[in-house]
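Spelled out from the first residue to the last, the chains are:
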Amino acid sequence: MLNISKKSASCFVNFSRLQQITNIQAEIYQKNLEIELLRLEKDTADVVHPFFLAQKCHTLQSMSNHLEAVLKEKRSLRQRLMKPICQENLPIEAIYHRYMVHLLELAVNFIEKLETHLETIRNIPHLDANLKNMSKALAKMDILVTETEELAENILKWWEQQREVSSCIPKILTEENYLHKHDIIMPPLSFNSKVPIQTINAK
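Residues numbered from 1 in each chain as written. Predicted model: local features only at pLDDT ≥ 70, side-chain atom pairs only at ≥ 80, totals over all residues. Heavy atoms only, no water.

1. What to know about the overall build of the protein
Helix and strand content of the protein: 7 helices and 2 strands. Counting from the amino terminus, helix and strand elements in the protein follow one another as α-α-α-α-α-α-α-β-β. In the form shown here, the protein has an accessible surface area of approximately 20200 Å², with 64% of it arising from carbon and sulfur atoms. (Helix = DSSP H or I, 4+ residues; strand = E, 2+ residues; numbered from the N terminus. Areas by Shrake-Rupley, 256 points an atom, 1.4 Å probe, with all protein chains shown as cover.)

Okay, structure coming up:
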């Protein structure tokens with residue numbers, strides 16, 4: 001009977017282990033399925049994600065607006081294309097086109113910084129006054145730096161004095177406790193007076 005119960009118990013243990021393995025395999029399968037879905041969503045994010053769809057819709061809308069404007073101006077554009085070009089271009093040989101590209105880049109950069117250059121030119125007559133103002137400001141700054149250094153030194157001196165006072169307080173308290181313990185009475189005189197100390201016991 002004992003052998004049968006042991007065999008049945010081991011059978012139940014194996015069955016529970018098998019059940020656990022089955023549950024773990026099912027969970028692993030579920031996690032793998034979720035991972036595959038996430039990978040698929042990542043690969044197709046630019047197609048189905050609302051953010052990218054909104055960007056594409058905005059681009060298409062701007063293109064359609066541009067085409068609509070072109071269609072509205074179709075007649076004037078056709079007339080302009082049919083009109084012969086006269087004194088509107090400069091004939092340049094093909095070998096110099098790359099240099100013209102570089103020249104146009106320089107021209108664009110110059111136009112972008114033109115206002116800054118003009119402002120610099122306008123400030124040239126006031127350069128002496130600006131230099132004097134800068135010299136005055138530097139002198140004031142030097143004075144402020146000197147005052148700040150003096151203030152820092154005074155603060156350090158005050159801090160050292162406070163530390164000395166703080167270190168003397170325990171000594172004073174100890175002396176007062178000693179005098180109080182031995183019933184010694186200090187007369188209320190200045191520190192320079194030489195009066196003998198009297199005790200209550202001496203009376």
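2. Details of the pattern of salt bridges
All told, the structure shown has 4 salt bridges when counted by the stated rule. The residue Arg 39 makes a salt bridge to Glu 36 at a minimum N-O spacing of 3.6 Å. Of this pair, Arg 39 and Glu 36 both sit in helix H1 (residues 2-43), 3 residues apart, roughly one helical turn. Arg 39 sits in the exposed class, given a relative accessible area of 51%. For Glu 36, a relative accessible area of 45% gives the class partly exposed. Here Arg 122 ties to Glu 119 by a salt bridge, and the two come within 3.2 Å at their closest N and O atoms. Pair noted here: Arg 122 and Glu 119 are both in helix H6 (residues 114-123), with a separation of 3 residues, about one helical turn. (Salt bridge = Lys/Arg side-chain N within 4 Å of Asp/Glu carboxyl O. Buried < 20%, exposed > 50% of the residue type's maximum accessible area, 1.4 Å probe, protein only.)

3. Points about the confidence of the model for the protein
When pLDDT is averaged along the protein, the result is 77, and 75% of the positions lie at 70 or above. Here residues 188-203 is modelled with pLDDT under 50, and outside its nearest four sequence neighbours on either side it reaches 11 contacts, counting other chains as well. (pLDDT = per-residue confidence, 0-100. Contact = heavy atoms within 4.5 Å.)

4. Comments concerning a nonpolar patch on the surface
Taken together, Phe 110, Ile 111, Leu 114, Leu 118, Ile 121 and Ile 124 make up a surface patch of nonpolar side chains, about 570 Å² in accessible area. Taken together, the elements giving at least two residues each to the nonpolar patch come down to helix H5 (97-112) and H6. Element by element, the count of residues in the nonpolar patch is highest for H6, at 3 residues. Using a relative accessible area of 32% as the deciding quantity, one classes Leu 114 as partly exposed. (Patch = residues over 30% accessible without salt bridge, like charges linked within 9 Å, V, L, I, M, F, W, Y side chains within 5 Å.)

5. Structural notes on a negative patch on the surface
The grouping of Glu 147, Glu 149, Glu 150 and Glu 153 at the surface amounts to a negative patch. Turning to its location among the elements, Glu 149 is positioned in helix H7 (residues 127-181). (Lys, Arg positive; Asp, Glu negative; His and termini not counted. Charge placed at Lys NZ, Arg CZ, Asp CG, Glu CD.)

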